[in-house]
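One letter stands for each residue in the lines below.
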Amino acid sequence: RASAAGALTRTDAGVAEHDVVSVHYDPMLAKVIVRDVDRRAACARLRRALKEWETVGVPTNVEFVRAVLEHDSFLDGDVHTAFIEQHKAALLPPLSPPPPSLIVVAAAQWAQHHAHALAQRLPPHSPFGASAFSLSVTAVDDEGDALAPP
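Residues numbered from 1 in each chain as written. Predicted model: local features only at pLDDT ≥ 70, side-chain atom pairs only at ≥ 80, totals over all residues. Heavy atoms only, no water.

## Remarks on the packing of aromatic side chains
The geometry of an aromatic ring pair comes down to the distance between the two centres and the angle between the two planes.
(1) Moving on: Within this structure, the stated rule accounts for one aromatic pair.
(2) Moving on: Residue placement shows Arg 39 over the ring face of Phe 74; its charged tip is 4.5 Å from the ring centre. (Phe/Tyr/Trp six-rings, centres within 6.5 Å; stacked < 30°, edge-to-face > 60°. Lys NZ or Arg CZ within 6 Å of the ring centre and 35° of its normal.)

Structure, rendered in C-alpha cells:
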C-alpha cells in the first residue's frame with residue numbers, strides 16, 4: 001500500500017496487490033517519488049510517505065532509506081559515491097545473531113547433506129556409509145524443554 005499524501009508524492013510500481021513476484025523479476029518493484037520546496041522538505045515528505053508504506057512477501061530497503069533520510073549529511077546534500085561506506089555504522093546497524101534454533105536446523109541440514117555426499121563416494125558396503133551416521137534432533141522451547149513431535 002502506498003502513501004495517499006497527494007500529488008507531491010507519487011509511486012511508480014511494476015506490480016500490484018496479489019501479483020506474484022518470481023525470483024527472475026527486476027529487484028526494483030516500486031519507487032516513491034516526492035517533490036517539495038527544498039531538499040529538507042522533500043526528505044520530510046518522503047519520510048512521511050515511507051511511514052505509511054506497506055510491503056508483504058518480499059524484502060525491501062525501506063528501513064535503510066529511512067536511515068539515510070534522517071542522516072544530517074544527506075539532509076545537507078553532502079552525498080557522494082562513498083556516502084554509504086563512510087556512514088555505514090549509522091545507516092546499517094549490526095545484524096543480530098540468528099536464534100539458536102536456526103543454527104541447530106542449519107547444522108542438521110549441513111550434516112545430512114555431507115553424510116549423503118560421503119555415502120555416495122564410499123564403497124557400497126563401507127561401515128562409514130549413510131547407515132553409520134545418524135542424527136537425532138529434538139525441538140525445544142525457549143526454556144530448553146523438549147517439544148512434542150507434531
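## Remarks on helix α1 (residues 39-52)
(1) Moving on: The end-to-end C-alpha distance of α1 is 20 Å, a good match for the 20 Å that 14 residues give at a rise of 1.5 Å each.
(2) Moving on: Among all positions of α1, only Ala 42, Cys 43, Ala 44, Arg 45, Leu 46, Ala 49 and Leu 50 are buried.
(3) Moving on: Buried-residue contacts for α1 involve β1 (9-13), β2 (30-34), α2 (62-69) and α3 (72-75).
(4) Moving on: N-cap assignment for α1: the residue whose side-chain oxygen lies 3.4 Å from the backbone N of Arg 40 is Asp 38. (Helix = DSSP H or I, 4+ residues; strand = E, 2+ residues; numbered from the N terminus. Expected span 1.5 Å × (residues − 1). Buried < 20%, exposed > 50% of the residue type's maximum accessible area, 1.4 Å probe, protein only. Contact = heavy atoms within 4.5 Å. Polar contact = N/O pair within 3.5 Å; in protein donor to acceptor, adjacent residues only side chain to side chain.)

## A look at the nonpolar core
(1) Moving on: Judged by nonpolar contacts, the single largest core of 13 residues is most densely connected at Cys 43, Leu 46, Leu 50, Val 68, Leu 69, Phe 74 and Phe 83.
(2) Moving on: Of all elements in the fold, only α1, α2 and α3 reach the threshold of two or more residues within this core.
(3) Moving on: In terms of residue count, α1 provides more of this core than any other element does, four residues in total.
(4) Moving on: Residues in contact with Cys 43, not counting those within four places in the same chain, are Leu 69, Phe 74 and Leu 75. (Core = buried A, V, L, I, M, F, W, Y, C linked by side-chain atoms within 4.5 Å.)

## Structural notes on the pattern of salt bridges
(1) Moving on: Counted under the stated rule, the structure contains five salt bridges.
(2) Moving on: The partner of Glu 63 in a salt bridge is Arg 66, with the nearest N and O atoms 2.4 Å apart. One end of the pair, Glu 63, and the other, Arg 66, are both in helix α2, three residues apart, so they sit about a helical turn from each other.
(3) Moving on: In this structure Glu 63 comes out as exposed when scored by relative accessible area, which is 55%.
(4) Moving on: For Glu 85, the salt bridge is made with Lys 88, and the minimal N-O distance between the two is 3.2 Å.
(5) Moving on: Given a relative accessible area of 54%, Glu 85 falls into the exposed group.
(6) Moving on: The class of Lys 88 is partly exposed, set by a relative accessible area of 40%. (Salt bridge = Lys/Arg side-chain N within 4 Å of Asp/Glu carboxyl O.)

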